[in-house]
Amino acid sequence: MGKRKMEPKLLENSNCGAFLAGTGLQSVDNEKVEISKATKRDYLITSDECHFLIKNIWRRKESIYYIIIAANGNTLKVTGQQSILTGTGWKRAKNLCAGDMLLCYDFFEGRQYVALLSIEKVVAGEQIVYSVSMGSRTLIANGFVCSDYDMQQGS
């Protein structure tokens with residue numbers, strides 16, 4: 001039995017961080033789930049290597065996003081409000097600076113801090129972005145440890 005596509009709910013006027021389409025979320029068995037194809041049946045890995053089902057996914061449009069590139073080659077496209085775990089705690093993407101140490105996760109290597117090589121602000125036409133709820137948990141997006149929607153809302 002195949003997975004049935006879940007249409008993300010529309011989320012308007014949110015200050016919550018979000019990911020652009022193409023972002024891979026870390027799933028069980030070293031699988032990646034592309035965020036725009038994720039369903040409530042997908043188990044994702046948290047930074048403490050527990051597995052949790054996705055509770056909900058929202059989508060909205062944004063015209064400004066950031067491209068984050070780490071020294072290990074990991075790249076992530078997120079809105080400025082997305083929280084990413086650094087060596088000094090949680091930081092919004094828009095507040096990151098080159099040289100910040102970002103917590104990354106690799107299925108085989110585990111957790112490690114990696115220097116941020118560059119961050120670029122992009123102003124473009126509207127893009128669909130996605131926010132994921134896992135019940136105030138971390139999630140692994142393209143190898144970076146990020147907060148979910150619930151953590152950002154203080155739920």
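Residues numbered from 1 in each chain as written. Predicted model: local features only at pLDDT ≥ 70, side-chain atom pairs only at ≥ 80, totals over all residues. Heavy atoms only, no water.

Q: How should I be thinking about the environment of Ile-68 in this particular structure?
A: Structurally, Ile-68 is set in strand 7 (residues 56-70). Among the residues examined, Ile-68 registers a relative accessible area of 0% and is labelled buried. C-alpha of Ile-68 to C-alpha of Leu-116: the two residues are 48 residues apart in sequence and 7.4 Å apart in space. The contact partners of Ile-68, leaving out residues within four places of it in the chain, are Asn-74, Thr-75, Leu-76, Val-78, Ile-84, Ala-93, Leu-96, Leu-102, Leu-116, Ser-118, Ile-119 and Phe-144. (Helix = DSSP H or I, 4+ residues; strand = E, 2+ residues; numbered from the N terminus. Buried < 20%, exposed > 50% of the residue type's maximum accessible area, 1.4 Å probe, protein only. Contact = heavy atoms within 4.5 Å.)

Q: Looking at this structure, how should I read the nonpolar core?
A: Proteins that are soluble and globular tend to have nonpolar side chains buried together. Counting residues in each nonpolar core, the largest one holds 26 residues, and the members touching the most others are Ile-68 and Leu-76. Secondary structure elements with two or more residues in this core: strand 7, strand 8 (75-78), strand 11 (101-106), strand 12 (110-133), strand 13 (138-141) and strand 14 (144-147). No other element matches strand 12, which puts four residues into this core. Look past the residues within four positions of Leu-76 in its chain and what remains in contact with it is Phe-19, Thr-23, Tyr-66, Ile-67, Ile-68, Ile-84, Ala-141, Asn-142, Phe-144 and Cys-146. (Core = buried A, V, L, I, M, F, W, Y, C linked by side-chain atoms within 4.5 Å.)

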